[in-house]
Amino acid sequence: MKTIRLLILLSLTIGFLGCKDEPNNDAVEQIVDEGTSTFYLIRHAEKDRSDPDNTDPELSQKGLGRAMHWAEILAEVPIDAIYSTDYQRTAMTAAPTSVKKDVDVIYYDPSSMDIAQFKSDNLNKNVLVVGHSNTTPEFANQLMGVDKYYELDDSDNGSLFIVQITNGIASVQKLNFNCNCPD
């Protein structure tokens, strides 16, 4: 009799364990490897300040030299996309890298930038972004999701922000490159 009770108890235990719900794969959180996106953000090179009323000046001689210097600095970096605001000084800063990399410049408006869409559009890419003393640090902040950087000094044309987003986690480096370009 003990054996029968033991068999019944064992059968019931096995039956209950066998009735356990199957895991719902839809509810299981999966970690997706999003890869790495790297954004190189620079301010435009030195602008021509000879006409203080000109709101859209070209680059000065020194600025042209710096734009070429940026292309040299980024020579070994594979660039998939180049973004610039629609000003002569930013477009001229982006131009040498654009020509060297054979990548067309895409113009953007920082005031209407959808940062989530921008990140999505440039997932797993290396991207150069050319902006201004106020838009470049703000763009870096938006990519990282934190307020870390503030407007650049008007004489700062050599800062390079490198924002790397790996699997949704952002890191940043800020470097400064001097340019001994002739005036």
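Q: Help me understand helix 5 (residues 135–144) in this model?
A: Residues three or four positions apart in an α-helix share a direction because the helix packs 3.6 residues into each turn. Among the ten residues of helix 5, eight are classified as buried, and the element is accordingly described as predominantly covered. Tucked inside the fold, the buried residues of helix 5 contact strand 1 (36–43), helix 4 (115–121), strand 4 (126–131), strand 5 (159–166) and strand 6 (169–176). Gly-145 sits one or two positions beyond helix 5 and adopts a positive phi of about 80°.

Q: Honestly, the side chain of Arg-66 in this entry has me stumped. Any pointers?
A: With respect to the helices, strands and loops of the structure, Arg-66 is situated in helix 2 (residues 61–73). Filtering out sequence-adjacent residues up to four positions away, Arg-66 remains in contact with Ala-45, Glu-46, Asn-157, Gly-158, Phe-177, Asn-178, Cys-179 and Cys-181.

Q: Teacher, can you tell me more about the sheet that holds strand 4 here?
A: Backbone-to-backbone hydrogen bonds join strands into a sheet, with any given pair of strands oriented parallel or antiparallel. Spatial ordering of the open sheet is given by 3-2-4-1-5-6, a layout of six strands whose pairing is mixed. What marks the edges here is a single partner per strand, and that holds for strand 3 (105–107) and strand 6. In this sheet, neighbouring strand axes are inclined to one another by 20° on average, regardless of whether the strands run parallel or antiparallel. As defined by bridge partners, strand 2 (residues 81–84) adjoins strand 4 across four bridges and the pair is classed as parallel. Across the sheet, Ile-82 pairs through a bridge with Leu-128, a residue of strand 4. Against the sheet, helix 3 (residues 88–101) makes contact with strand 1, strand 2, strand 3 and strand 4, and its axis sits at roughly 165° relative to strand 2, the strand it touches most.

About the cut-offs
Residues numbered from 1 in each chain as written. Predicted model: local features only at pLDDT ≥ 70, side-chain atom pairs only at ≥ 80, totals over all residues. Heavy atoms only, no water. Buried < 20%, exposed > 50% of the residue type's maximum accessible area, 1.4 Å probe, protein only. Helix = DSSP H or I, 4+ residues; strand = E, 2+ residues; numbered from the N terminus. Contact = heavy atoms within 4.5 Å. Pairing = 2+ DSSP bridges. Axes fitted to C-alpha atoms, helices over the stretch in contact; angles between N-to-C directions.

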